[in-house]
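# Summary of structural features
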Amino acid sequence: MQQDSGPAADLKIDQKAFLVAAKRALGAGGSRLTWDQFAARLGVEPRAMKTYRMPAESSDFRTIPRLLVEKIEALVADALKATATSGAESGEDREGTVWRPRGDPMNALPASLAALVMRQGRQVFMGGGATMVSGVDRLWSGVAGLGDEDRRAMALVSRARLTLGLRDVGAEIHELLAHCTKPLGEWLPVPSVTDGGLATVCLIDAEDRMPTLEAEELARGFAGMTGLLEEQVFAAFQDSLSKQSAKDADDYYTQVRTFVVRNPVVTRKHLLKFLAGLPSAVWVCVEQQFYEPLPGALAAGETTTLCSHCNNVMTRSRGALHCTTAACAAEHGASRGLTLPAADLFRLNRPLRKYWLEPGIDELRLAERLAARGHTVRMYPNRDTVDLDLGEGGKVGIDLKAYSSPELLGERLRRRPGGLMTYKTPWLVIPDWLARRVPNYVDRVSACLEGSPIRALTLADAVEELSHA
Ligand SMILES: [Zn+2]
């Protein structure tokens with residue numbers, strides 16, 4: 001049957017669910033739609049609408065024509081966009097109420113899915129050992145290693161499909177990959193696909209079963225959901241500070257960020273005590289966006305042992321406990337701190353562990369050593385112009401970075417030196433453990449920074465030099 005091709009074929013078994021979801025989405029802004037009103041908006045007879053909602057086995061069941069499916073999808077997309085906009089505009093009542101994240105992770109769905117396809121394709125075609133399967137619903141065998149990014153992409157697909165009232169195809173990797181041979185618009189008609197001009201794009205070539213060039217293009221430059229999550233969390237935090245005076249916002253920023261670095265894992269009581277000193281919008285953001293209950297897998301029975309240096313979780317490997325903060329473990333031997341009931345504990349979320357905690361360990365180390373030598377140290381002044389400086393009007397501004405590649409770091413700072421350039425003496429400080437680990441680190445990064453006023457030096461050298469200043 002010709003009319004069964006395209007979205008309708010895919011929708012057939014879930015046609016009623018699709019209509020229910022669409023009706024709900026169109027009525028979301030204000031009054032709820034009746035089926036007759038819904039039919040009127042679509043310009044179809046109420047009687048026809050009824051046949052579309054029938055069980056597929058019923059003799060009265062009719063498949064929704066493709067054009068009508070497209071019309072419904074367009075209406076729903078518009079309605080969702082309108083809801084999103086009005087949500088952003090009602091920011092005035094945000095203080096003290098539930099905070100709504102800015103930006104929709106669904107926008108990253110096509111790129112995220114394309115990146116998954118590229119990773120899986122690479123495993124299959126370059127990993128060796130894996131073979132193509134020519135079955136109908138299993139695309140590639142040997143798709144064993146699913147990473148966090150893959151699971152996030154799959155979860156996004158599930159969410160998108162379920163939101164549209166469609167059957168979940170994101171839960172099983174082979175089924176998902178089989179769908180990727182079809183045009184995105186047919187099975188994933190979300191706004192980022194339809195509005196992004198991607199409706200006709202297939203991520204996997206159905207013929208030769210390779211990722212398509214479009215998949216490659218889409219995946220290129222995609223930072224990953226972790227990066228996206230990071231941006232969202234940070235935007236949320238800046239947003240929560242926006243109601244404060246500049247001076248207060250700067251102070252709260254520094255307070256929160258240093259608290260986070262000192263407390264990657266925290267008891268509920270300790271967290272609430274800290275939050276009590278913050279304005280409600282900041283409070284809500286930190287509580288809801290920064291920390292999450294300690295995942296059960298790490299709970300090691302009923303108690304969890306924290307590192308005595310950095311307070312992060314310790315895990316057991318080869319019979320011994322190790323700190324899970326890389327920057328901490330690189331500098332110290334393992335040292336047990338408190339052992340606490342796991343159920344009481346909250347842990348910093350993954351992007352903040354990566355972007356704030358890991359570099360923060362060395363930033364704090366440097367700040368403490370300078371303070372011990374009598375310097376006035378400001379951490380993250382002016383909401384993070386630099387990592388630290390030596391008080392208002394001080395000449396020295398310091399960024400501390402731990403890129404594994406000195407060349408990449410030098411290149412990055414040459415192109416985007418950021419707040420460092422507002423200081424007369426801009427320093428790039430390299431953690432001692434990294435300088436020990438990578439041969440000629442400081443020389444190599446300095447070579448890349450030639451012609452720039454930024455000077456690279458190790459943490460120990462920075463402390464030494466400032467001790468004589
Ligand atoms: Zn530690």
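Presented here is an overview of the structure given in this document. Numbering of residues starts from 1 in each chain and follows the order in which that chain's sequence is written. It should be noted that, the model being predicted, local features are given only for residues of pLDDT at least 70 and side-chain atom pairs only at 80 or more, the latter also being counted only at that level, while totals for whole chains, interfaces and linings use all residues. Side-chain figures throughout are based on the complete set of non-hydrogen atoms in the structure, without hydrogens or water.

## Quick word on the coordination of the zinc ion
Listed donors are limited to N, O and S atoms within 2.8 Å of the metal, widened to 3.2 Å for Na, K and Ca; water is not among them, so incomplete-looking sites are possible. Note on the zinc ion: its protein donors are Cys307 (SG), Cys310 (SG), Cys323 (SG) and Cys328 (SG). The metal-donor distances range over 2.2 to 2.3 Å. Angle rules define the geometry names used: all angles between 85 and 135 degrees makes four donors tetrahedral, while opposite donors over 155 degrees apart and all other angles between 65 and 115 make four donors square planar and six octahedral, leaving every other case irregular. Coordination at the zinc ion comes from 4 donor atoms whose angles at the metal span 96 to 115°, giving a geometry best classed as tetrahedral. Read in sequence order, the donor residues for the zinc ion give the motif C-x2-C-x12-C-x4-C.

## Let's talk about the environment of Arg414
With respect to the helices, strands and loops of the structure, Arg414 is situated in helix 19 (residues 406-415). On the basis of relative accessible area, Arg414 is assigned to the partly exposed category, the value being 46%. Measuring from C-alpha to C-alpha, the distance between Arg414 and Leu449 comes to 6.3 Å, with 35 residues separating the pair along the chain. Apart from the residues within four sequence positions on either side, Arg414 is in contact with Cys448, Leu449 and Glu450. Within the structure, Arg414 has its side chain in polar contact with the backbone oxygen of Cys448 (distance 3.3 Å). For the purposes of this entry, the term helix denotes a DSSP run of H or I that reaches at least four residues, the term strand denotes a run of E that reaches at least two, and both are numbered from the N terminus. Residue exposure (1.4 Å probe, protein chains only): buried if accessible area is under 20% of the type maximum, exposed if over 50%, otherwise partly exposed. Contacts between residues were defined by any pair of non-hydrogen atoms, one from each residue, lying within 4.5 Å. Identification of polar contacts relies on pairs of N or O atoms within 3.5 Å, with a donor-acceptor requirement for protein atoms, meaning one able to donate a hydrogen and the other able to accept it, and with residues adjacent in sequence counted only if both atoms are side-chain atoms.

## Considering the packing of aromatic side chains
The rule is short: rings of Phe, Tyr and Trp, with Trp giving its six-membered ring, pair when the centres are within 6.5 Å, and they are stacked under 30 degrees, edge-to-face over 60, tilted in between. Inspection of every chain in the model, using the stated rule, returns 8 aromatic pairs. Geometrically, the ring pair formed by Tyr253 and Trp356 is edge-to-face, given 6.2 Å between the ring centres and 65° between the ring planes. Of this pair, Tyr253 sits in helix 13 (residues 246-262) while Trp356 sits in helix 17 (residues 350-372); the two residues are 103 residues apart in sequence, bridging distant segments of the chain. Overall, the relative accessible area of 3% leaves Trp356 in the buried class. Aromatic rings pair up to connect Phe234, Phe237, Tyr253, Phe290 and Trp356 into one cluster. Comment: the charge-over-ring label is applied if NZ (Lys) or CZ (Arg) is within 6 Å of the ring centre and within 35 degrees of the ring normal. Positioned above the aromatic ring of Trp35 is the side chain of Lys23, whose terminal nitrogen or guanidinium carbon lies 5.0 Å from the ring centre. Over the ring of Trp35 we find Arg53, and its NZ or CZ is 4.1 Å from the ring centre.

## Regarding the sheet that holds strand 2 (residues 291-293)
Within a sheet, adjacent strands bond to each other through the backbone by hydrogen bonds, running parallel or antiparallel. A strand pair is defined by DSSP finding two or more bridges across the two strands. Strand order in the open sheet formed by 3 strands is 1-7-2, with antiparallel pairing between adjacent strands. Only two strands of the sheet have a single partner each, and these edge strands are strand 1 (265-267) and strand 2. With strand direction ignored, the average angle separating the axes of adjacent strands in the sheet is 35°. Two elements, strand 1 and strand 7 (residues 345-348), share 3 bridges in a ladder whose sense is antiparallel. Paired with Thr267 across the bridge in strand 7 is Leu345. For helices, the axis comes from a line fit to the C-alpha atoms of the stretch in contact; other axes are also lines fit to C-alpha atoms, and the angle between any two N-to-C directions lies between 0 and 180 degrees. Across the sheet, helix 14 (residues 268-275) touches strand 1, strand 2 and strand 7, and the angle it forms with strand 1 is around 90°. Where helix 15 (residues 280-290) meets the sheet, it contacts strand 2 and strand 7, and its direction lies at approximately 50° from that of strand 2.

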